[in-house]
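# Coordinate analysis (summary)
One letter stands for each residue in the lines below.
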Amino acid sequence: DIIRNFFAPISIIIMGLSNLFLVQLSTVKEIDYQFKILKKQIVLCFSVFIFYCLILLISKSFVENLLLGDKSIINLNLFLIIFSLAAFGSSISPVLSNFFISINQNKYGLKATLNVFLINLIMLPLLVYYLDFFGAIVGVALVQILLLLFNFYYIKIIKNEVRVSN
């Protein structure tokens, strides 16, 4: 519960920005301008993410005492970075999904999700088997990173299709 509350602010801020940009995306019909809006949003969300990570790392001793007490069973820096990546990925993924919907390319968002699901089906049990609890943490973050990478890959494909058709 404590961990969720640490990363809730970044998710809330990014989702708020997502809603703001979604309004802009829904009013614009030119796809090149939609790509510019998406790029601005990703840069802004990533800036918020970096700022939040810096705050967490600066307040590391407070976070360490709150999360772990006297038991230092994990490397807190690595833990915070991995969970921050997971929080960022889970917050920005709906933004990308909404982007696919706004340009009527739902199939690409579904392909990205399906690819990550299939990779996760194989990868997550192996991570948990070999790395135990830490494997589960890495698996959560890796799923979000893979989802982002596949979404960016499909956005690039759409962009190339638009260039070819014009």
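Here we take up a positive patch on the surface. Among the surface-exposed residues, K39, K156, K159 and R163 lie close enough to one another that they form a single positively charged patch. As for its position among the elements, K39 is in helix α2 (residues 31-58). Residue classification places K39 among the exposed residues on the basis of a relative accessible area of 60%.

This part takes up the nonpolar core. A general feature of soluble globular proteins is that nonpolar side chains tend to end up buried together. By size, the foremost hydrophobic cluster in this structure holds 40 residues, and its most contacted members are L38, F88, I92, F99, I155 and I158. Elements that contribute at least two residues to this core include exactly α1 (2-27), α2, α4 (76-102) and α5 (106-165). If sequence neighbours within four positions are ignored, L38 has contacts with V95, L96, F99 and I155.

The subject of this paragraph is the packing of aromatic side chains. Applying the stated rule across the entire model yields three aromatic pairs. Pairing Y108 with Y154 gives two aromatic rings, centres 5.6 Å apart and planes at 35°, and the pair type is tilted. The same class applies to Y108 and to Y154, which are both buried. Relative to Y154, the ring of Y153 lies with its centre 5.2 Å away and its plane at 65°, an arrangement referred to as edge-to-face. Judged by its relative accessible area of 8%, Y154 falls in the buried class. Aromatic ring contacts, followed pair by pair, group Y108, Y153 and Y154 into a single cluster.

Taking 1.5 Å of rise per residue, 60 residues should cover 88 Å, yet α5 covers just 19 Å from first to last C-alpha, more than 12% shy of that figure. Maximum bend of α5: about 145°, positioned at L131.

This brings us to the side chain of N120. Turning to its location among the elements, N120 is positioned in helix α5. Under the relative-accessibility criterion, N120 is labelled buried at 19%. Contacts of N120, omitting those with residues within four sequence positions, involve P125 and V143.

What counts and what doesn't
- Residues numbered from 1 in each chain as written.
- Predicted model: local features only at pLDDT ≥ 70, side-chain atom pairs only at ≥ 80, totals over all residues.
- Heavy atoms only, no water.
- Patch = residues over 30% accessible without salt bridge, like charges linked within 9 Å, V, L, I, M, F, W, Y side chains within 5 Å.
- Areas by Shrake-Rupley, 256 points an atom, 1.4 Å probe, with all protein chains shown as cover.
- Salt bridge = Lys/Arg side-chain N within 4 Å of Asp/Glu carboxyl O.
- Lys, Arg positive; Asp, Glu negative; His and termini not counted.
- Charge placed at Lys NZ, Arg CZ, Asp CG, Glu CD.
- Helix = DSSP H or I, 4+ residues; strand = E, 2+ residues; numbered from the N terminus.
- Buried < 20%, exposed > 50% of the residue type's maximum accessible area, 1.4 Å probe, protein only.
- Core = buried A, V, L, I, M, F, W, Y, C linked by side-chain atoms within 4.5 Å.
- Contact = heavy atoms within 4.5 Å.
- Phe/Tyr/Trp six-rings, centres within 6.5 Å; stacked < 30°, edge-to-face > 60°.
- Expected span 1.5 Å × (residues − 1).
- Bend = angle between axes of the 7 residues up to and from the residue.

Keep in mind that these numbers describe shape and distance, not what the molecule does.
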